[in-house]
Amino acid sequence: MLQTKVSEFVSHVMTALSGCTLYSEQHPVFAEYAEKAAALLEDLFVEGSVSFLMIGESLIVNDTPFLEKSFSVANFLKRLRKKKIEKIVIRKGTDIEEFRQFIAGLASRGEVTPSPNISVGIVEIKLKSSGTDAAALLNKGLSKVKSSFQGFSRFKRLDIVSLEDAVLDFISTLKKEINVLRIVSPVKSHSEYTYIHATNVAVLTLFQAEALGIRGEDLHDIGLAGLLHDVGKMFVPAEVLEKKSALTPEEWLEMKKHPIHGAIYLSRMKDVPPLAPIVAFEHHMKYNGSGYPDTKRMSRKQHIVSQMVTVADFFDALRTERPYRQSLDVRTVTGLLKEGANKDFNPELVGSFLSGLARVSDTL
Ligand SMILES: [Fe+2]
Ligand SMILES: [Fe+2]
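We now turn to the structure provided with this report. (Residues numbered from 1 in each chain as written. Chains lettered and ligands numbered in written order. Predicted model: local features only at pLDDT ≥ 70, side-chain atom pairs only at ≥ 80, totals over all residues. Heavy atoms only, no water.)

### Thoughts on the overall build of the protein
When you go through the protein residue by residue, the secondary structure sums to 17 helices and five strands. The C-alpha radius of gyration of the protein comes to 23 Å, within 12% of the 21 Å expected for a compact globule of 364 residues. Along the first, second and third principal axes, the C-alpha atoms of the protein reach 70 × 45 × 35 Å. Burial status across the protein gives 48% buried among its 364 residues. A separation threshold of at least 6 residues defines the contact pool for the protein, and within that pool the share at least 24 residues apart is 67%. (Helix = DSSP H or I, 4+ residues; strand = E, 2+ residues; numbered from the N terminus. Rg over C-alpha atoms; globule rule 2.2 N^0.38 Å. Buried < 20%, exposed > 50% of the residue type's maximum accessible area, 1.4 Å probe, protein only. Contact = heavy atoms within 4.5 Å.)

Rendered as structure tokens:
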């Protein structure tokens, strides 16, 4: 009985919420479903309140695990996770206006503000990092990326929740250690390359985004898109990907398909923000319209986040030693970035990245 009521309640909340996101708070769908959900509250109250607790992938309602795994429940949990909300308590006396405000808060990009009868437990990113130093936080994030990418193949689903969590660790790391060059990890062995490169690109992209004043939820999507930019490489044959000498023209053709493979793979995953397939598709395109995939006929321009990832990708690739070449020092790489401004890279982004680096590092 309780399970059915909860299922109905969550489904109405999610319909109201998407009405609010897609249209506005004034749209009739929002009003109608917010009212339907509020009408069910009476049946959910136990001793004057109902509590929703999110633990990992599970929803606990009034201390009872809620078993249904419907689309709306999955979306509800995802929304709470995005908002960093772990607990909601709704008390008797909540009126429709207060309830509507609460749903509008969930739909918004900002924080949900607690009201007299509805409290929300928000996990602060700041709290997560208290007492932990930057190196430990970075290692925590790195090991999450490592375990998500380990054994990952086109047949195995990527663990996005753990990657999202890793992004939070990297954002916290950047708050504690402003010198991004100390956060970017060196690749020590060939097997580490995939996840360390993904992490370095995510960190360098987050660093650029923060320098441009981007905060909050957008930052999470940007970090995740950075982590996933090269995911399409798993569709490239291992003998091409791991080849230690120069690629033949045919092998290059295979290699150059990874942005398309990545974009298709990511666009099929429901819990990945739309930014991730865009960035995967565009990260080898260049500012002047060249690069690959060849989109000149469509005169497609790179998304600004793809442009940031292109800068981060270039920087990390040249700083890293590969079987076929030495790593370059920071000064040389920044010199090459300057040379590529206007052609390969957005000049504004290169400028902002380099002045960001100069501010935090004494090596420049
Ligand atoms: Fe790539
Ligand atoms: Fe890359």
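Past the structure itself, the notes keep going.
### Remarks on the pairing of strand β1 (residues 49-55)
Summarising burial for β1: five of the seven residues are buried, a large majority. Examined bridge by bridge, β1 and strand β4 (residues 85-91) share five bridges and lie antiparallel to one another. Within β4, the residue paired with Leu53 across the bridge is Lys87. The sheet contact formed by β1 and strand β2 (residues 58-61) spans four bridges and is antiparallel. Note that in β2 the partner of Met54 across the bridge is Leu59. (Pairing = 2+ DSSP bridges.)

### Points about the pattern of salt bridges
Here the idea is simple: oppositely charged side chains can pair when their charged atoms come close. Applying the stated criterion across every chain yields a total of eleven salt bridges. Between Lys92 and Glu42 there is a salt bridge, with its nearest N and O atoms 3.7 Å apart. Taken together, the residues Lys92 in the loop between β4 and α4 (96-107) and Glu42 in helix α2 (residues 28-44) connect sequence positions 50 residues apart. The exposure class assigned to Lys92 is partly exposed, which follows from its relative accessible area of 46%. Its salt-bridge partner being Lys144, residue Asp165 comes within 3.5 Å of it at the nearest N-O pair. Of this pair, Asp165 sits in helix α7 (residues 160-176) while Lys144 sits in helix α6 (residues 134-149), and the two are 21 residues apart along the sequence. We classify Lys144 as buried; its relative accessible area is 17%. Ionic contacts of the salt-bridge type, sharing partners, join the residues Lys144, Asp165 and Asp169 into one network. (Salt bridge = Lys/Arg side-chain N within 4 Å of Asp/Glu carboxyl O.)

### Thoughts on the coordination of the iron ion (ligand 2)
Protein coordination at the iron ion (ligand 2): the donors are His197 (NE2), His229 (NE2), Asp230 (OD) and Asp313 (OD), at 2.2 to 2.3 Å from the metal. In this structure, the iron ion (ligand 2) is surrounded by four donor atoms whose angles at the metal cover 75 to 173°, and the resulting shape is irregular. In the primary structure, the donors to the iron ion (ligand 2) are separated according to the pattern H-x31-H-D-x82-D. Given a relative accessible area of 13%, Asp230 falls into the buried group. (Donors = N, O, S within 2.8 Å, 3.2 Å for Na, K, Ca; no water. Tetrahedral: all angles 85-135°; square planar, octahedral: opposite > 155°, others 65-115°.)

### Some details on the coordination of the iron ion (ligand 1)
Here the iron ion (ligand 1) is held by the protein donor atoms Asp230 (OD), His258 (NE2), His283 (NE2) and His284 (NE2), which lie 2.1 to 2.3 Å from it. In this structure, the iron ion (ligand 1) is coordinated by four donor atoms arranged in irregular fashion, with angles at the metal of 86 to 175°. For the iron ion (ligand 1), the donor residues sit on a single chain with the sequence spacing D-x27-H-x24-H-H. A separation of 3.7 Å is found between the iron ion (ligand 1) and the iron ion (ligand 2), both of which receive a donor from Asp230. Residue His284 is classed as partly exposed on the basis of its relative accessible area of 21%.

### Comments concerning empty space enclosed by the protein
Tallying each qualifying case throughout the model produces one cavity of 30 Å³ or more. If you add up the space inside the largest cavity, you get close to 40 Å³. If you go around the largest cavity, the residues you meet are Phe9, Val13, Phe52, Phe76, Ile88, Ile90 and Phe102. Of the residues assigned to the lining of the largest cavity, the class counts are seven nonpolar, no polar and no charged. (1 Å grid on protein atoms, 1.4 Å probe; cavity = no way out; pocket = protein on both sides within 12 Å on 5 of 7 lines; lining within 4 Å. Points joined across faces, edges and corners; volume = space filled by probe spheres on them. Nonpolar A, V, L, I, M, F, W, Y, C, P; charged D, E, K, R; others polar.)

All we've got here are geometric facts, nothing functional implied.
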